[in-house]
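Structural overview
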Amino acid sequence: MFLTRAPVCLLTLIMCGSPAIAQTNWPQFRGADSRGVASAAKLPDRWSATENVAWKTDIPGRGWSSPIVWGDRVFLTTVINSGKSEEPKKGLYFGGDRPKPSDAVHQWKVICLDLKSGAVRWERQVHEGQPQTPIHLKSSYASETPVTDGERVYCCFGNVGVFCFDLDGKEIWKHMLKPQATRFGWGTAASPVLHRDRLYLVNDNDQDSYLLALDAKTGEQVWRTSRDEKSNWATPFVWQTAQRTEIVTPGTGRVRSYDLDGKLLWSLKGMSSITIAMPYEHNGLLYVSSGYVMDLTKPLYAIRPGAVGDISLKAGETANEFIAWSQPKAGPYNPSTLIVNDRLYVLYDRGLVSCFQARDGKELFNSQRLPNGRAFTSSPWAHAGKVVFLNEDGVTFVLKAGDQFEVLHTNELAADGMCMATPAIAGDRLLIRTSARVYCIQSTAAAAARPAIDRIERDSAAAAQ
């Protein structure tokens, strides 16, 4: 590693005070550890459609997958409708179901952008035809976020297939998926996750739910475990502890965790009727949530490692041997939760924010309203002691991370369609995807200094080889 050879002054320039240069990569949904936190990132606090915008690139079609980043490449997916797409409304509402798929021809595509300029480095079409299944009016046929290991990028399009490319756009393999009906025809959204030489995918639907393990190099099925579940949209989490590595899969019926061979380790009953948020780990505890807005039960759990069997809470309990604490009515619906400085923030779709102590679940503040916040779908992120929320109108609310609810300021991308994708962070750059384009947010000063820093990084990497 070149870091051990570089002089101190060089490290300071490269890392800008960061404890880990690896944060320049954002390889999957919510980053490498699935938490959405980049505490060392030197990001601007303020931006607009023109201020602190390093570049913006129009993206054809529609996709709510998040961008991911490896090195100087940005990867994302989209699906282009050759007909006319119905414009969705913002916010939560009934009536977005569309029981029949479109009869227009669609094109499913993977796109790679240059991180520094926003130029399209390559574009690959993986499928063309009429959709076999419908989606919710607000959803897209490209809602699953890709994942990369730095050698290959893996892109899942639910009810179509998983497609693997090298970083230069050469297709390595594909694994087709049988179309399955989802609840109310809402479509799919759970992203694949990668661990060592295997790619894991949860497909919870109304016909044949399963957890699938694929060989990351070949795309061949390693194993497939059936799940007694109906439709869910939560991305699984690979949880590595001192005891073992396991695959945590939230579900409406039960949260289930499997070993790396697909055998059930433990389960937890007591979720809301729709499960979307992604689990993650912090300081040894696993955090799982589920909060459909029409349910009375909207749980948030903190789970200890090493669980076995059924760990469900009994009536009246909020903790047991393996559940460190729980809040029965605190879970969010669409956004995942976020932990910063041992404070767990919950963003609710209609613009309310709650905060709890991550270690014991003690409430710090409850259901504070973001001014004119309205509708939120994307998950929050954090950096440098700030918590950030992006709503569907493209307005970003920047909060001070603390025990009190304090909005520092807001940023607007003006009238730029809809924002539902969760942003990505790459070093000193923030990537925000709207329904029309991708914005690269970077401070003007950082952008001016970047060429010199890039040159130093290249020279240092070459010296290490």
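A brief report on the enclosed structure follows. (Residues numbered from 1 in each chain as written. Predicted model: local features only at pLDDT ≥ 70, side-chain atom pairs only at ≥ 80, totals over all residues. Heavy atoms only, no water.)

1. A look at the overall build of the protein
For the protein, the helix and strand inventory stands at two helices and 33 strands. In terms of C-alpha radius of gyration, the protein reaches 21 Å, essentially the compact-globule figure of 23 Å for 465 residues. Along the first, second and third principal axes, the C-alpha set of the protein runs to 60 × 50 × 45 Å. Among the 465 residues that make up the protein, the fraction classed as buried is 59%. (Helix = DSSP H or I, 4+ residues; strand = E, 2+ residues; numbered from the N terminus. Rg over C-alpha atoms; globule rule 2.2 N^0.38 Å. Buried < 20%, exposed > 50% of the residue type's maximum accessible area, 1.4 Å probe, protein only.)

2. A look at the environment of Met278
Relative to the helices and strands, Met278 is located in the loop between β17 (264–268) and β18 (280–282). Residue Met278 is classed as buried on the basis of its relative accessible area of 4%. Here the alpha-carbon distance between Met278 and Ser379, two residues 101 residues apart in the chain, equals 9.5 Å. Setting aside chain neighbours within four positions, we find Met278 in contact with Phe29, Ser34, Val193, Thr235, Pro236, Phe237 and Ser336. (Contact = heavy atoms within 4.5 Å.)

3. What to know about the nonpolar core
Counting residues in hydrophobic clusters, the biggest one holds 28 residues, and the most contacted among them are Val69, Leu113, Ile425, Leu430, Leu431 and Ile432. Residue assignment for this core shows that the elements contributing at least two residues are β3 (73–81), β4 (106–114), β28 (386–390), β31 (424–426), β32 (429–433) and β33 (437–441). Ranked by residues supplied to this core, first place goes to β33 with four residues. In contact with Leu431, not counting residues within four places along its chain, are Trp55, Pro67, Val69, Val74, Leu115, Pro423, Ala424, Tyr439 and Cys440. (Core = buried A, V, L, I, M, F, W, Y, C linked by side-chain atoms within 4.5 Å.)

4. Points about the environment of Ser379
Counting through the fold element by element, Ser379 comes out in the loop between β26 (363–369) and β27 (381–383). On a C-alpha basis, the gap between Ser379 and Pro335 in space is 4.3 Å, while along the polypeptide they are 44 residues apart. A polar contact is formed between the side chain of Ser379 and the backbone nitrogen of Ser336, at a distance of 2.9 Å. (Polar contact = N/O pair within 3.5 Å; in protein donor to acceptor, adjacent residues only side chain to side chain.)

5. Topic: the pattern of salt bridges
Tallying each qualifying case throughout the model produces 23 salt bridges. As a salt-bridge pair, Asp72 and Arg121 come within 3.2 Å of each other at their nearest N and O atoms. Here Asp72 is found in the loop between β2 (68–70) and β3, whereas its partner Arg121 is found in strand β5 (residues 120–129), with 49 residues between them in sequence. According to the relative accessible area criterion, Asp72 is partly exposed, its value standing at 27%. With a relative accessible area of 35%, Arg121 lands in the partly exposed category. Measuring nitrogen to oxygen at the nearest pair gives 2.7 Å for the salt bridge that ties Glu123 to Lys109. Residue Glu123 is found in strand β5, and its partner Lys109 is found in strand β4; the two are separated by 14 residues along the sequence. Assessed through its relative accessible area of 12%, Lys109 is described here as buried. Overlapping salt bridges, with partners in common, bring together Asp72, Arg73, Asp114, Arg121 and Asp168 in one network. (Salt bridge = Lys/Arg side-chain N within 4 Å of Asp/Glu carboxyl O.)

6. Some points on the layout of surface pockets
Counted as a void, the largest pocket has a volume near 930 Å³. Taken together, 39 residues make up the lining of the largest pocket; nearest its centre are Ile276, Tyr333, Asn334, Thr377 and Met420. Its residues assigned to classes, the lining of the largest pocket shows 18 nonpolar, 18 polar and three charged. (1 Å grid on protein atoms, 1.4 Å probe; cavity = no way out; pocket = protein on both sides within 12 Å on 5 of 7 lines; lining within 4 Å. Points joined across faces, edges and corners; volume = space filled by probe spheres on them. Nonpolar A, V, L, I, M, F, W, Y, C, P; charged D, E, K, R; others polar.)

7. Looking at empty space enclosed by the protein
All chains considered together, the criterion is met by four cavities of 30 Å³ or more. Each pocket or cavity is described by its volume, and for the second largest cavity that value is around 110 Å³. Lining the second largest cavity are 16 residues, and of these Thr188, Ala189, Ala190, Val202 and Asn203 sit closest to its centre. For the lining of the second largest cavity, the leading source of residues is strand β11 (residues 198–203), giving three residues. Residues that form the lining of the second largest cavity fall into these classes: seven nonpolar, seven polar and two charged.

8. Structural notes on the sheet that holds strand β13 (residues 221–226)
The antiparallel open sheet is built from four strands, whose spatial order is β10-β11-β12-β13. Each edge of the open sheet is held by one strand with a lone partner, namely β10 (193–195) and β13. Neighbour to neighbour, the strand axes of the sheet diverge by 20° on average, direction disregarded. By the bridge criterion, five bridges tie strand β12 (residues 210–215) to β13 in an arrangement that is antiparallel. Bridging across to β13, Tyr210 finds its partner in Ser226. (Pairing = 2+ DSSP bridges. Axes fitted to C-alpha atoms, helices over the stretch in contact; angles between N-to-C directions.)

9. Here we look at unusual backbone geometry
We note that Arg30 has phi near 65°; this positive angle belongs to a residue other than glycine. Within the fold, Arg30 resides in the loop between α1 (8–15) and β1 (53–58). The backbone of Ser367 sits at a positive phi, close to 50°, despite the residue not being glycine. For Ser367, the location among the structural elements is in strand β26.

10. A few points about the side chain of Asn203
Looking at the element boundaries, Asn203 is found in strand β11. What makes Asn203 buried here is its relative accessible area of 8%. Of the polar contacts made by the side chain of Asn203, one reaches the side chain of Asn205; its length is 2.9 Å.

11. Some remarks on the sheet that holds strand β15 (residues 245–249)
Strand pairs in the sheet, formed through backbone hydrogen bonds, run parallel or antiparallel to each other. Read from one edge to the other, the open sheet built from five strands follows the order β14-β15-β16-β17-β21, with strand pairing classed as mixed. At either end of the open sheet lies a strand with only one pairing partner, and these are β14 (237–240) and β21 (309–310). Both β15 and strand β16 (residues 255–258) contribute to a ladder of three bridges, which runs antiparallel. Bridged to Val248 within β16 is Ser257.

12. Re the pairing of β15
Extensive coverage of β15 is indicated by the burial of four of its five residues. Direction of pairing for β14 relative to β15: antiparallel, over a ladder of four bridges. Residue pairing for β15: Trp239 is matched across the bridge by Glu246. From the end of β14 to the start of β15, which pair antiparallel, there are four residues. The loop that links β15 with its antiparallel partner β16 comprises five residues.

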